[in-house]
Amino acid sequence: MDLPATLRLVTWNVGYKKTRAPLTPAMGSTLAATGADVLVLTDYVDEPHATFRSALHAAGLKHRKTTPAVDGQRQVLIAAREPLELGEVEGSDLTAATRPNWLHVRTASGVDVVGFRVPMISKAGGRAEYWQWLLSAALPQLKEKPSVLLGDFNVGSHYRPLMHAVAGGWQLATPSGGWSFKGKKGKPVAIDHALISPHFRITNAEYVETLGGVVLAGTDAARSYHAALVVDLANREVPIVD
């Protein structure tokens, strides 16, 4: 399998908890119009969104995987232009929320993609335990492959476990400006990121608050509390052409 020369990934926490409104077909077309090769949606619930999924398919994101539904929990959807197969790295069973908020797939060209959302964990010491699992169990299985992990990390870019991942050779894609989350209270923060294996160069990373006239985040009328994260990658084996 030959890795693509370039790859665009888009992730967005759809904010289902905020509105519980079904995603529309127009929203599917709008997300596909970003040019995403791979789209990761977190805080997603599969059941009410059949016409949205059809719009993704019609717009070129024809291949799709979703985590199994668990009562009371959110899911992850990954849609791509290439065929997808499920990967072997399964989510943690730390809480009822951790497994349905983790999805590992592999594209036909050999890119491992993990879409995930770190849920709020009320168990004492639970957050530290989750990140220990990520660092010691999940990431080592993925690092030697062309891999990307992206979604709602629920922590800032200077969170110590993230810095440990970077020290271990992962690249952290966090836009240098802007924010990814703005709730009803508190200041805007950047908590949506991507971890990139050494197989790629990061050529661009940006937060997008508005797409095609749709306000994703930042106002009371916005669809979600989260902006979308757009990450562009280049295959390190492909020479840079000036």
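Only a predicted model underlies this, so the values are computations on that prediction, with no experimental measurement involved.

Trainee: Mind showing me how you'd approach the layout of surface pockets here?
Mentor: By volume, the largest pocket is sized at about 490 Å³. Lining the largest pocket are 21 residues, and of these N13, K17, D43, R117 and M120 sit closest to its centre. Here the lining of the largest pocket is built from residues that sort into seven nonpolar, seven polar and seven charged. When its volume is computed, the second largest pocket comes out at roughly 230 Å³. Lining the second largest pocket are 13 residues, and of these P68, L86, E90, W102 and L103 sit closest to its centre.

Trainee: I would appreciate a short explanation of the side chain of T67 in the present structure.
Mentor: Within the secondary structure, T67 is located in the loop between strand 3 (63-66) and strand 4 (75-80). A distance of 2.8 Å separates the side chain of T67 from the backbone oxygen of P100, its partner in a polar contact. Here T67 is in contact with Q75, V76, R99, P100, W102 and L103, once residues within four sequence places are set aside.

Trainee: What exactly am I supposed to notice about the sheet that holds strand 3 here?
Mentor: Where strands meet in a sheet, backbone hydrogen bonds hold them as pairs that are either parallel or antiparallel. In spatial order, the strands read 3-4-2-1-14-11; together these six strands make up an open sheet with mixed pairing. Looking along the sheet, the strands with just one partner apiece sit at the ends: strand 3 and strand 11 (200-208). Strand-to-strand twist of the sheet, defined as the mean angle between neighbouring strand axes without regard to direction, takes the value 15 degrees. Bridging between strand 11 and strand 14 (residues 228-235) involves eight bridges; their strand directions are antiparallel. Its bridge partner lying in strand 14, F200 is registered against N235. Across the sheet, helix 3 (residues 50-58) touches strand 2 (38-44), strand 3 and strand 4, and the angle it forms with strand 2 is around 170 degrees.

Trainee: How should I be thinking about the sheet that holds strand 8 (residues 147-152) in this particular structure?
Mentor: Taking strand neighbours across the sheet as the criterion, the six strands line up as 5-6-7-8-10-9 in an open arrangement whose pairing is mixed. In the strand order of this sheet, the two ends are held by strand 5 (84-86) and strand 9 (171-173), each with one partner. For this sheet, the mean inter-axis angle between neighbouring strands, taken without regard to orientation, is 25 degrees. Pairing between strand 8 and strand 10 (residues 192-196): five bridges, direction antiparallel. The residue of strand 10 that forms the bridge with L149 is L195.

Trainee: Would you mind going over the packing of helix 4 (residues 126-142) against helix 5 (residues 160-167) with me for this structure?
Mentor: The N-to-C vectors of helix 4 and helix 5 enclose an angle of 20 degrees; their axes lie 9 Å apart at closest approach. The angle between helix 4 and helix 5 falls in the class roughly parallel. Handedness of the helix 4/helix 5 crossing: right-handed. Counting all contacts with helix 4, which are made through W131, L135 and L139, the residues of helix 5 involved are P161, L162, H164 and A165. Per-class residue counts for the contact of helix 4 with helix 5 are six nonpolar, one polar and no charged.

The rules we used
- Residues numbered from 1 in each chain as written.
- Predicted model: local features only at pLDDT ≥ 70, side-chain atom pairs only at ≥ 80, totals over all residues.
- Heavy atoms only, no water.
- 1 Å grid on protein atoms, 1.4 Å probe; cavity = no way out; pocket = protein on both sides within 12 Å on 5 of 7 lines; lining within 4 Å.
- Points joined across faces, edges and corners; volume = space filled by probe spheres on them.
- Nonpolar A, V, L, I, M, F, W, Y, C, P; charged D, E, K, R; others polar.
- Helix = DSSP H or I, 4+ residues; strand = E, 2+ residues; numbered from the N terminus.
- Polar contact = N/O pair within 3.5 Å; in protein donor to acceptor, adjacent residues only side chain to side chain.
- Contact = heavy atoms within 4.5 Å.
- Pairing = 2+ DSSP bridges.
- Axes fitted to C-alpha atoms, helices over the stretch in contact; angles between N-to-C directions.
- Parallel < 35°, antiparallel > 145°, perpendicular 65-115°, else oblique.
- Left-handed = near helix turned anticlockwise from the far one by under 90°.

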